[in-house]
Amino acid sequence: MIIRRIIHGVLMVLSLSLLGLLFYYALWLLTDDDFREMLKYGWPWTSGMILVDYAACCLFTTVVTLYYWRSREKAERERDKFRLQALENQLSPHFVFNNFSILADLIEVDPKRASAYLMNLSKVYRYTLSHLDHSTVTLQEELEFLQRYLSLLQQRFGEGIQVRITDDVKACEGSLPPAALQMLIENAIKHNEHTIARPLIIDVTADGKRISVSNKKQPITTADSTNVGQHNIAERYRLLTNKKVKIYDNADRYCVTIPLIKT
């Protein structure tokens, strides 16, 4: 397999280099009057000169091809990291145990709510699994997924967590990496205290081009901050667009702003 890939790569470089050399000569022929005049008396270059030109084309094509493939492989690795993290978030024992525990309690006291909860839980898993191969999803798809995720949080934490999504967000158009908003909300929950007496209020707002997820800081002193999810989203955006993820962190408030990708 490796030998076949190497042979394929060499043949591709040789072919592209030949096309590049022919294009170079054709361009010269079309734009240089002196060159056309020289051709009336025969081909002006020796075989050695042509080989030197071809070797230069091969070198240039090799450098460009290696750069392209390395960039592509890095993009694939970053996408695989995102897939794995998103899957781990949804399949972690803690997440599974809590949701099944809530489901078991609902079955006892309210079978109808238990059925609705199970439906939302299955759709959260389905979205995560079916969108792992996607570089982006539409904002509307992400918001539909987020609403299902938030309904699970409501059952689990009650009024201890309140997520406020403004109408400006729902009116926006564009795309973003799958589960980006969910990961930002999950990150806020992980690092902040949230109780009925002291609820965590998370605001999701927009200005037409960007979406911001912010909350008043209520830090949990025992929470380990690895910033893995945040770094993951920033890397995904770096590979998708030249627009950057912005983080605002002061004494009282934490905010992450992600750009919408126009499609």
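One can find the structure itself at the top, above this paragraph.
Model, not experiment: these values are computed from the prediction.

(A) Spotlight on the overall build of the protein chain. Summing up its helical and strand segments, the protein chain has nine helices and seven strands in all. The buried share of the protein chain, taken over its 263 residues, is 35%. Residue pairs in contact within the protein chain that sit at least 24 positions apart in sequence constitute 72% of those at least 6 positions apart. Split by element, the accessible area of the protein chain, about 16400 Å² in all, is 61% carbon and sulfur.

(B) Fine view of the packing of helix α5 (residues 111-130) against helix α6 (residues 139-157). Where α5 contacts α6, the axes come no closer than 9 Å and their chain directions differ by 135 degrees. Taken together, the axis directions place α5 and α6 in an arrangement best described as oblique. Crossing geometry of α5 relative to α6 is assigned as left-handed. From α5, R113, Y117, N120, L121, K123, V124, Y127 and T128 reach across to α6, where they touch E141, E142, F145, R148, Y149, S151, L152 and Q155. For the contact of α5 with α6, the class distribution of residues is seven nonpolar, four polar and five charged.

(C) Broad picture of the side chain of Q182. The residue Q182 is located in helix α8 (residues 180-191) in this model. Within the structure, the side chain of Q182 is placed 2.8 Å from the side chain of E186, a separation counted as a polar contact.

(D) Representation of the environment of G174. Tracing the backbone shows G174 in the loop between α7 (167-171) and β3 (175-176). Its relative accessible area of 15% is what places G174 among the buried residues. Setting aside residues up to four positions removed in sequence, G174 forms contacts with V137, T138, L139, L260 and I261.

(E) Molecular detail of the nonpolar core. Within the largest apolar cluster, 44 residues are counted, with the highest numbers of intra-cluster contacts made by L139, L146, L181, I185, I211 and I258. In terms of residue count, α6 provides more of this core than any other element does, eight residues in total. Ignoring any residue separated from it by four or fewer positions in sequence, one finds I185 in contact with L146, L150, L153, V163, I202, V204 and V213.

(F) Expanded view of the sheet that holds strand β4 (residues 200-206). As summarised here, the arrangement of the five strands in space is β2-β4-β5-β7-β6, forming an open sheet in which the pairing is mixed. The sheet is open, and its two borders are formed by β2 (161-165) and β6 (246-249), each paired with just one other strand. On average, adjacent strands in this sheet sit at an angle of 15 degrees to one another, irrespective of strand direction. Both β6 and strand β7 (residues 253-259) contribute to a ladder of four bridges, which runs antiparallel. Paired with I247 across the bridge in β7 is V256.

(G) Structural detail: α8. Over its twelve residues, α8 runs 17 Å from end to end, which matches the ideal 16 Å to within 8%, given 1.5 Å per residue. Extensive coverage of α8 is indicated by the burial of nine of its twelve residues. Every buried residue of α8 is listed here: A180, L181, Q182, M183, L184, I185, A188, I189 and H191.

(H) Just the environment of E141, in detail. Position of E141 relative to the elements: it lies in helix α6. The class of E141 is partly exposed, set by a relative accessible area of 33%. In this structure, the C-alpha to C-alpha distance between E141 and S175, residues 34 residues apart in sequence, is 9.0 Å. Within the structure, E141 has its side chain in polar contact with the backbone nitrogen of T138 (distance 3.1 Å).

(I) The arrangement of unusual backbone geometry in detail. We note that A179 has phi near 70 degrees; this positive angle belongs to a residue other than glycine. As for its position among the elements, A179 is in the loop between β3 and α8. For A179, a relative accessible area of 8% puts it in the buried group.

(J) The environment of A104, seen in detail. Inspection of the secondary structure assignment puts A104 in helix α4 (residues 93-109). Overall, A104 belongs to the partly exposed group, its relative accessible area being 40%. In this structure the C-alpha to C-alpha distance between A104 and A114, which are ten residues apart in sequence, comes to 7.9 Å.

(K) Looking closely at the pattern of salt bridges. Taken as a whole and judged by the stated rule, the model has five salt bridges. The partner of R164 in a salt bridge is D203, and the shortest N-O contact between them spans 2.7 Å. With a gap of 39 residues between them, R164 in strand β2 and D203 in strand β4 connect regions that are remote in the sequence. Overall, R164 belongs to the partly exposed group, its relative accessible area being 44%. With a closest N to O distance of 2.8 Å, K217 and D249 form a salt bridge.

Reading the values: the criteria
- Residues numbered from 1 in each chain as written.
- Predicted model: local features only at pLDDT ≥ 70, side-chain atom pairs only at ≥ 80, totals over all residues.
- Heavy atoms only, no water.
- Helix = DSSP H or I, 4+ residues; strand = E, 2+ residues; numbered from the N terminus.
- Buried < 20%, exposed > 50% of the residue type's maximum accessible area, 1.4 Å probe, protein only.
- Contact = heavy atoms within 4.5 Å.
- Areas by Shrake-Rupley, 256 points an atom, 1.4 Å probe, with all protein chains shown as cover.
- Axes fitted to C-alpha atoms, helices over the stretch in contact; angles between N-to-C directions.
- Parallel < 35°, antiparallel > 145°, perpendicular 65-115°, else oblique.
- Left-handed = near helix turned anticlockwise from the far one by under 90°.
- Nonpolar A, V, L, I, M, F, W, Y, C, P; charged D, E, K, R; others polar.
- Polar contact = N/O pair within 3.5 Å; in protein donor to acceptor, adjacent residues only side chain to side chain.
- Core = buried A, V, L, I, M, F, W, Y, C linked by side-chain atoms within 4.5 Å.
- Pairing = 2+ DSSP bridges.
- Expected span 1.5 Å × (residues − 1).
- Salt bridge = Lys/Arg side-chain N within 4 Å of Asp/Glu carboxyl O.

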